[in-house]
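Here's the letter readout for the chains.
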Protein chains: 2
Amino acid sequence: MSARFEPLAFAPGYRRVAGEIAARILDRTLKVGEPLPSELELAAQFGVNRSMIREALRELESADLIARRRGTKRMVVVRPAAAQVAGRLRQAFALNDVTVREVWQMLEVLEPPAAQSAAAARTPATLARIESAVAGYRGAHRQAPLAVEGVGEFFRAIAGASGNRLLPLIQEPLLQLLAAALGVLIEAVPPARERIGIAQERICAAIADGDGELARNWMAKHVRDFRRGFELCRIELDTPVPLG
Amino acid sequence: MSARFEPLAFAPGYRRVAGEIAARILDRTLKVGEPLPSELELAAQFGVNRSMIREALRELESADLIARRRGTKRMVVVRPAAAQVAGRLRQAFALNDVTVREVWQMLEVLEPPAAQSAAAARTPATLARIESAVAGYRGAHRQAPLAVEGVGEFFRAIAGASGNRLLPLIQEPLLQLLAAALGVLIEAVPPARERIGIAQERICAAIADGDGELARNWMAKHVRDFRRGFELCRIELDTPVPLG
DNA sequence: GATGGCCTTATTGTCGGACAATCATACTAT
DNA sequence: ATAGTATGATTGTCCGACAATAAGGCCATC
């Protein structure tokens with residue numbers, strides 16, 4: 001009675017086709033930017049009907065492995081970028097009823113080391129982006145939507161300067177999830193606008209000086225401050241983040 | 001000449017259909033577990049051909065918004081779980097040529113706070129899982145593949161105990177990416193097996209005691225140790241992680 | 001020589017219908 | 001209650017078709 005059998009896996013054709021093509025993309029046989037063969041040719045090569053190919057293509061398209069440049073017909077292989085991955089992740093997070101508190105906790109963990117790394121790995125280009133983000137926020141922090149965008153760009157600039165390409169990818173969905181709550185915060189707690197601006201400037205200065213320790217500390221304070229702000233404007237931390 | 005126009009966005013039918021259904025899932029009109037209408041019915045409702053519906057379904061399927069329970073016909077709405085999200089993320093990371101160093105850095109950032117949170121938020125159930133993971137590693141650390149699995153399960157147990165549902169989702173792809181390098185490490189550096197076991201026990205004990213500080217410190221040491229191990233067995237930190 | 005118009009062809013988006021395989025269900029017989 | 005059987009619904013896959021539109025070549029024009 002110990003004869004345990006694995007359920008034998010069937011796979012519909014469109015899934016196998018998608019898998020085959022995906023494998024070629026992942027092992028770089030199909031390079032990024034390269035156009036895919038036409039649907040009819042793929043159908044001929046796989047020996048199946050075009051409908052099946054199309055279903056497989058939709059699957060790959062949704063997985064961000066292929067895409068069509070605007071106004072063009074041919075599909076090309078693409079490398080999933082932060083924005084696409086973030087969208088998918090945000091969806092998953094939102095459907096799992098993630099709370100504002102959880103998102104904020106992740107930022108509390110991620111951002112201080114990010115600032116520290118940025119101070120160590122900064123380059124003229126990345127530094128310029130951070131400074132421009134700070135200036136942008138300064139110039140726009142009076143309108144809530146623009147201010148939210150500015151805060152996001154600041155964090156993106158920091159993550160980009162950290163030299164770790166995982167950070168932007170992981171951070172992006174968190175920022176998107178927090179955007180709504182941030183908007184409320186900035187709208188409802190005017191002093192927060194000023195505090196954010198000051199914190200950004202300190203962090204930016206510390207990074208420019210290459211002072212990782214200082215950048216880290218200021219960033220930690222900055223993130224903690226967001227939480228205070230949420231409490232001030234009565235955003236319930238344990239309610240699920242609103243869906244985009 | 002400042003008349004700048006937005007490119008007017010057209011969207012093929014299958015994409016709009018997928019968008020409509022996705023919206024219903026995200027706003028909870030369609031609840032998790034609920035079966036989708038049949039393809040013919042959807043086609044009738046949208047007033048389009050079944051082919052189009054099928055392409056839209058493939059898109060949603062690939063986005064992990066719908067799925068089919070094994071051996072059944074009807075599609076049901078699902079909530080994307082860690083495993084699925086992780087797979088997608090891992091793909092994105094791998095295609096972006098993320099290096100072992102970057103993955104390791106993220107763990108260095110994430111894991112110590114995770115251990116600390118776990119010490120604070122532990123419950124009998126989560127503690128039991130951690131202990132069972134430690135015991136499992138102890139029992140299996142002689143065979144490299146099992147040991148890698150054990151290390152993964154340890155980290156998963158910690159993240160699960162942290163009380164933050166984002167952590168498992170973010171951590172999972174990192175573990176998957178590191179699995180290959182870990183296998184090499186455990187195979188090539190026998191003393192590492194023992195060191196890992198000891199670190200796990202210390203961390204586990206600290207969490208059981210509710211000593212967050214201690215758990216954090218041991219975890220930091222533990223993660224740093226991995227890096228030493230990689231250097232010992234000459235895994236080049238700046239080569240891209242191998243694809244799964 | 002670059003630009004714009006025009007034609008042909010290839011390709012995609014969408015439709016309709018078809019059929020076998022198989023899942024779901026109700027019914028029957030044991 | 002269980003196993004077998006018949007029936008209908010649904011999916012997987014195929015075929016063929018056609019309109020709309022990129023792609024690419026050719027030509028006239030300036």
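Residues numbered from 1 in each chain as written. Chains lettered and ligands numbered in written order. Predicted model: local features only at pLDDT ≥ 70, side-chain atom pairs only at ≥ 80, totals over all residues. Heavy atoms only, no water.

Right, let's talk about the protein's contact with DNA strand D for a bit. Neighbouring residues of DNA strand D: 18 residues in total, closest Gly13(A), Thr72(A), Arg50(B), Arg54(B) and Arg68(B). Sugar plus phosphate, as a fraction of atoms of DNA strand D within 4 Å of the protein: 66%. In this structure, Arg50(B) approaches DNA strand D through a side-chain N or O atom, which is 2.9 Å from a base oxygen. Residue composition of the surface near DNA strand D, by class: four nonpolar, six polar and eight charged. (Near = heavy atom within 4 Å. Polar contact = N/O pair within 3.5 Å; in protein donor to acceptor, adjacent residues only side chain to side chain. Nonpolar A, V, L, I, M, F, W, Y, C, P; charged D, E, K, R; others polar.)

For the rest of this paragraph, the subject is the relation of the copies chain B and chain A. One copy of the chain maps onto the second through a rotation about an axis and a displacement along it. Each copy of the sequence occupies a distinct position, and chain B is placed on chain A by a rotation of 180 degrees and an axial shift of 0.0 Å, giving an RMSD of 0.1 Å. Taken together, the rotation and translation relating the two chain copies correspond to the operation of a two-fold axis. In this assembly, 100% of the residues forming the interface of chain B have copies in chain A that are likewise at the interface, indicating an isologous arrangement. (Least-squares fit on C-alpha atoms with pLDDT ≥ 70 in both. Contact = heavy atoms within 4.5 Å.)

On to unusual backbone geometry, then. All names here are of chain A. You will see that Asp 64, though not glycine, has its phi angle at about 60 degrees, which is positive. By secondary structure assignment, the location of Asp 64 is in the loop between helix H3 (50-62) and strand S1 (66-68). Judged by its relative accessible area of 15%, Asp 64 is buried. (Helix = DSSP H or I, 4+ residues; strand = E, 2+ residues; numbered from the N terminus. Buried < 20%, exposed > 50% of the residue type's maximum accessible area, 1.4 Å probe, protein only.)

On the side of chain A, 48 residues touch chain B, which itself brings 48 residues to the contact. Across the chain B/chain A interface, buried area totals approximately 4,700 Å², and carbon plus sulfur atoms make up 62% of it. Its largest share of buried area at the contact with chain A, chain B owes to Leu95(B), Arg165(B) and Leu166(B), together 15% of the area lost on that side. Put simply, chain B and chain A have 10 salt bridges between them. Across the chain B-chain A interface, the total number found is 28 residue pairs in polar contact (both at pLDDT 80 or more). Those elements that provide at least two residues to the side of chain B that touches chain A are helix H1 (13-26), helix H3 (50-62), helix H4 (82-95), helix H5 (100-121) and helix H8 (166-188) of chain B. (Buried area = accessible area lost by both parts, 1.4 Å probe. Salt bridge = Lys/Arg side-chain N within 4 Å of Asp/Glu carboxyl O.)

For DNA strand C, the set of nearby residues contains 17 residues, the closest of which are Arg50(A), Arg54(A), Arg68(A), Gly13(B) and Thr72(B). Close to the protein, within 4 Å, the atoms of DNA strand C are drawn from sugar and phosphate at a rate of 69%. Contacts to DNA strand C include Lys73(B), whose side-chain N or O atom sits 3.4 Å from a base oxygen. Contributions of two or more residues to the surface near DNA strand C are made by H3 of chain A together with H1 and H3 of chain B. Split into classes, the residues belonging to the surface near DNA strand C amount to four nonpolar, five polar and eight charged.

Moving on to the packing of helix H6 (residues 124-140) of chain A against helix H9 (residues 190-209) of chain A. All names here are of chain A. For the pair H6 and H9, the least separation of the axes is 10 Å and the interaxial angle reads 165 degrees. Taken together, the axes of H6 and H9 are roughly antiparallel relative to one another. Along this stretch, H6 crosses H9, giving a crossing that reads as left-handed. Residue-level contacts link Leu 127, Ile 130, Glu 131, Ala 133, Val 134, Tyr 137 and Arg 138 of H6 to Ala 192, Arg 193, Glu 194, Ile 196, Gly 197, Ile 198, Gln 200, Glu 201, Cys 204, Ile 207 and Ala 208 of H9. A per-class count over the contact of H6 with H9 returns 11 nonpolar, two polar and five charged. (Axes fitted to C-alpha atoms, helices over the stretch in contact; angles between N-to-C directions. Parallel < 35°, antiparallel > 145°, perpendicular 65-115°, else oblique. Left-handed = near helix turned anticlockwise from the far one by under 90°.)

Attention now moves to the nonpolar core. Grouped together as the largest cluster of nonpolar side chains are 118 residues, with contacts concentrated most on Ile158(A), Phe230(A), Ile158(B) and Phe230(B). Excluding its chain neighbours within four sequence positions, the residues that come into contact with Phe230(A) are Val100(A), Trp104(A), Leu178(A), Ala181(A), Leu182(A), Leu185(A), Ile235(A) and Leu237(A). (Core = buried A, V, L, I, M, F, W, Y, C linked by side-chain atoms within 4.5 Å.)

Time to look at the environment of Phe226(B). Residue and element names in this part refer to chain B. Relative to the helices and strands, Phe 226 is located in helix H10 (residues 212-232). In this structure, the C-alpha to C-alpha distance between Phe 226 and Ala 192, residues 34 residues apart in sequence, is 8.4 Å. Excluding residues that lie within four positions of it along the chain, Phe 226 makes contacts with Trp 104, Val 151, Phe 155, Leu 182, Leu 185 and Ile 196.

When the pLDDT values of chain A are averaged, the result is 89; 95% of them are 70 or greater. Taken element by element, the predicted model of chain A shows its lowest mean pLDDT in helix H4 (residues 82-95) of chain A (85) and its highest in H3(A) (96). (pLDDT = per-residue confidence, 0-100.)

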